[in-house]
Amino acid sequence: MLKRKFLQTLLDWKLTKGKECLLVKGARQIGKTYIIDKFGRENYGNYIYVNFFTEPKLKDVFEGSLAAEEIYKRLSVFFRDAHFVENDTLIFLDEIQECPNARTALKFLAIDGRFDVIASGSLLGINYKQVSSIPVGYERQVEMHSLDFEEFLWAIGVGEQTIDYMRSFFESKEKIPPAVNEQMLSYMREYMIVGGMPEVVNTYLSTKHYGEVHNAQKKITDAYLEDIAKYASTSEKPKARNCFLSIPRQLAKENKKFQFSAVESGGRARKYENSLEWLRDANLIRYCNNVSTPQLPLVAYVKPDQFKIYLNDIGLLVSMYGFEMKQAILTGALKGAAKGGIYENLIADILIKKGLPLYYYKNDSNSQEIEFLLTVETEIVPVEVKSTNGSTISLNNFLKEFEPSIGYKFIAGNIGVADNKVTLPLYMAMFL
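Definitions and limits used
Residues numbered from 1 in each chain as written. Predicted model: local features only at pLDDT ≥ 70, side-chain atom pairs only at ≥ 80, totals over all residues. Heavy atoms only, no water. Phe/Tyr/Trp six-rings, centres within 6.5 Å; stacked < 30°, edge-to-face > 60°. Helix = DSSP H or I, 4+ residues; strand = E, 2+ residues; numbered from the N terminus. Buried < 20%, exposed > 50% of the residue type's maximum accessible area, 1.4 Å probe, protein only. Axes fitted to C-alpha atoms, helices over the stretch in contact; angles between N-to-C directions. Parallel < 35°, antiparallel > 145°, perpendicular 65-115°, else oblique. Contact = heavy atoms within 4.5 Å. Nonpolar A, V, L, I, M, F, W, Y, C, P; charged D, E, K, R; others polar. Salt bridge = Lys/Arg side-chain N within 4 Å of Asp/Glu carboxyl O. 1 Å grid on protein atoms, 1.4 Å probe; cavity = no way out; pocket = protein on both sides within 12 Å on 5 of 7 lines; lining within 4 Å. Points joined across faces, edges and corners; volume = space filled by probe spheres on them. Pairing = 2+ DSSP bridges.

Let us look at the packing of aromatic side chains. Tallied over the full model, the rule gives 23 aromatic pairs. Here Tyr165 and Phe169 contribute two aromatic rings whose centre-to-centre distance is 5.0 Å and whose plane-to-plane angle is 80°, an arrangement assigned as edge-to-face. You can see Tyr165 and its partner Phe169 sitting in helix 6 (residues 160–172), four residues apart, about one turn around the helix. Given a relative accessible area of 38%, Tyr165 falls into the partly exposed group. Ring geometry for Phe170 versus Phe431: centroids 5.8 Å apart, planes at 45°, classification tilted.

Given below as structure tokens:
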């Protein structure tokens, strides 16, 4: 049984929900159904599970009047043994993207307020136009992801005491004992290979076989491609597929800015930009936007035509390079631009799962680039990711020009401090 932080998100909502339903967004197969089902069974005396994908007939519950009383009356037809007890009943509407009327009905269920309602879906950004009225103000939207690195550590048996011990080095900036650091870097390499998809993590735990891990990952990426074939419009199907499959190539370039010509020779933004947006709305990818100046607020300085694309799960990215990439990562044989791209996606994976927006900074006048920019209180903090422990010209120049109080450099090495530049092992991005 995988321990998930999202369970606390559900508990917090239960205590503070007021007149709100909860809408849980996220890619397919990240564990949404499992954790909400667990929450419902453990925290309510009465629990009703509605899955619109496996039971299409349940859509009939939301035909006609959407008054709460009428909806509950129709539900009782399909769930005759269910008990509707005020303040002790959870109704879970799973795969709600299959029933747009149910999304509209959340408003009326929230206003009624007698029973708690959670909705979940994987393609909510795709079908929003089918929803006649979005229940603004009556649904609390939260996003769930696959396991982050800390959850992966819990899964493989690394306890809170060990994690707190490592956090103490992050805070003190003292060097980590070499054997301890190498062990943590080894765990990090495992996470890069396995990633955080629950099915894949469980496969790894039960088999300890990287071939089985790779097969489980391929099954998931194949399912994502099937979703594109099923849900994208006819004109977007091949373009969205090609964009998705191009991401490993995009990140293996020296210049990792997304280039439409890497999707197709002569490719242009006009042809493919809607396809990328489809992948983003399906929660498969995340944009990292370049900014013209590293100042607050970063969103005000975004260059819309300059961005990088990262997958939302590092393990799926590694699997898309082929099984041999796992061996190269484990043995340290990985070199070149592909290594840099994988390391960048690793840090992006960690930042995404911490709920942080992704920005980078590359000045048009030179080739220097800062891989990520973080907003810490009222300051912009640069984050550089290095595949080798070499020079940091870009970071050094950034620190000199913009004078932040601190800048981070992440490497597969140990901690080091030089003035306001702090070098950290890759796994310590979890403490940012």
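Moving on to the packing of helix 7 (residues 178–194) against helix 14 (residues 336–353). Taken N-terminus to C-terminus, the directions of helix 7 and helix 14 make an angle of 90°; their axes are 11 Å apart at the nearest point. Accordingly, the angle class assigned to the pair helix 7 and helix 14 is roughly perpendicular. Facing Met188, Tyr191 and Met192 of helix 7, the residues of helix 14 in contact are Ile342, Tyr343, Leu346, Asp349, Ile350 and Lys353. Considering only residue class, the contact of helix 7 with helix 14 consists of seven nonpolar, no polar and two charged.

Moving on, we get to the pattern of salt bridges. Under the definition given, this model contains 26 salt bridges. The closest approach of N and O atoms between Lys73 and Glu70, which form a salt bridge, is 3.3 Å. Of this pair, Lys73 and Glu70 both sit in helix 3 (residues 68–78), three residues apart, which is roughly one turn of the helix. With a relative accessible area of 48%, Lys73 lands in the partly exposed category. According to the relative accessible area criterion, Glu70 is partly exposed, its value standing at 27%. Of the charged contacts, one joins Lys218 and Asp222 as a salt bridge, the two residues approaching to 3.0 Å between their closest N and O atoms. Taken as a pair, Lys218 and Asp222 lie in helix 9 (residues 210–231) at a separation of four residues, close to a single helical turn. Taking relative accessible area as the criterion, Asp222 reaches 30% and is therefore assigned partly exposed.

The subject of this paragraph is empty space enclosed by the protein. Using the criterion set out here, one finds two cavities of 30 Å³ or more in the structure. Counted as a void, the largest cavity has a volume near 140 Å³. Forming the walls of the largest cavity are 16 residues, and the residues nearest its centre are Ala27, Tyr224, Asn283, Asn312 and Asp313. Considering only residue class, the lining of the largest cavity consists of nine nonpolar, five polar and two charged. Taken as a whole, the second largest cavity spans an internal volume of roughly 40 Å³.

Here the focus is the environment of Phe258. Here Phe258 lies in the loop between helix 10 (237–251) and helix 11 (269–281). Judged by its relative accessible area of 5%, Phe258 is buried. In this structure the C-alpha to C-alpha distance between Phe258 and Ile176, which are 82 residues apart in sequence, comes to 36 Å. Not counting chain neighbours up to four residues away, the residues in contact with Phe258 comprise Ser246, Gln250, Val263, Leu276, Phe307, Lys308 and Ile309.

Quick look at the sheet that holds strand 9 (residues 369–370) now. Pairing in this open sheet of four strands is mixed, and the strands run 7-6-8-9 from one edge to the other. The sheet is open, and its two borders are formed by strand 7 (302–311) and strand 9, each paired with just one other strand. Strand direction decides the pairing type here: strand 6 (residues 285–291) and strand 7, joined by six bridges, are antiparallel. Within strand 7, the residue paired with Val291 across the bridge is Val302. The sheet contacts of helix 14 involve strand 6 and strand 7, and relative to strand 7 the element is tilted by about 95°.

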